[in-house]
Structures are given as C-alpha cells and as structure tokens.
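Listed here are the chains, written in short residue letters.
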Amino acid sequence: MYAIGVAMLLSLYRLVRGPEVVDRILALDTFSINAIALLILDGMYLGSEIYFEAALVIAMLGFVTTVVLCKYVLRRDIVE
C-alpha cells in the first residue's frame, strides 16, 4: 500500500508539473490505475466487496476520460 501511495504521489507530481499535455494525460491515466490498485488492496484487506465495485467504476471512468482527452488533443473536437 505504501508503494502504491508513493506511485500516486509521483503521478500527481507529473500531472501538475508535466511539460506537455500528453504527459499530463498519461499521468492522469497512471493515477487512476494506481487508485484502482489501492482500492483493490483495501478491499482485500478489509474483506469488503464495495471497494471492488468502486474500482470498477473508476476503471470505466478512467478509460473513457483517457479516450476523450486523447481524441481532443488529436482533433480538437470531441463529438463527431
């Protein structure tokens, strides 16, 4: 859990200080993956199923957010 916390801090640093937009998008995706891992570990430690459902929701939102941001960076238009 501590290693994932450090990884979240490092990706948060890259999110804030990233030199380009692509670095920030990648840092946001990495941050969401680390959040999913932290929720899964908490769910395993506490024995609660609600953490797994929250991780699933974050995974879906993270994927959609990454796709939308990448599409916006490439085309400067989200809706076709």
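Everything that follows concerns the structure shown earlier in this document.
Bear in mind the structure is a predicted one, so any value in this text is a computation, not a measurement.

## Topic: the environment of R17
In step 1: Within the element layout of this structure, R17 appears in helix α1 (residues 2-17).
In step 2: Sequence separation between R17 and K71 is 54 residues, and the spatial gap between their C-alpha atoms is 22 Å.

## Focus on a nonpolar patch on the surface
In step 1: Among the surface-exposed residues, M1, L41, M44, Y45, L46 and F52 lie close enough to one another that they form a single nonpolar patch of about 660 Å² accessible area.
In step 2: Here the element with the most residues in the nonpolar patch is helix α2 (residues 21-46); it accounts for four residues.
In step 3: As for its placement among the helices and strands, F52 is situated in helix α3 (residues 50-75).
In step 4: Assessed through its relative accessible area of 34%, F52 is described here as partly exposed.

## Looking at the packing of α2 against α3
In step 1: Closest axis-to-axis distance for the α2/α3 pair is 9 Å, and the angle between their directions is 175°. In terms of their interaxial angle, α2 and α3 are classed as roughly antiparallel. Counted together, V21, I25, L28, D29, S32, I36, L39, I40, D42, G43, M44 and L46 of α2 and Y51, F52, A54, A55, I58, A59, G62, T65, T66, L69, C70 and V73 of α3 form the full contact between these two elements.
In step 2: Residues belonging to the contact of α2 with α3 are distributed by class as follows: 17 nonpolar, five polar and two charged.

About the thresholds
- Residues numbered from 1 in each chain as written.
- Predicted model: local features only at pLDDT ≥ 70, side-chain atom pairs only at ≥ 80, totals over all residues.
- Heavy atoms only, no water.
- Helix = DSSP H or I, 4+ residues; strand = E, 2+ residues; numbered from the N terminus.
- Patch = residues over 30% accessible without salt bridge, like charges linked within 9 Å, V, L, I, M, F, W, Y side chains within 5 Å.
- Areas by Shrake-Rupley, 256 points an atom, 1.4 Å probe, with all protein chains shown as cover.
- Salt bridge = Lys/Arg side-chain N within 4 Å of Asp/Glu carboxyl O.
- Buried < 20%, exposed > 50% of the residue type's maximum accessible area, 1.4 Å probe, protein only.
- Axes fitted to C-alpha atoms, helices over the stretch in contact; angles between N-to-C directions.
- Parallel < 35°, antiparallel > 145°, perpendicular 65-115°, else oblique.
- Contact = heavy atoms within 4.5 Å.
- Nonpolar A, V, L, I, M, F, W, Y, C, P; charged D, E, K, R; others polar.

Everything listed here is a matter of geometry and, on its own, says nothing about what the molecule does.
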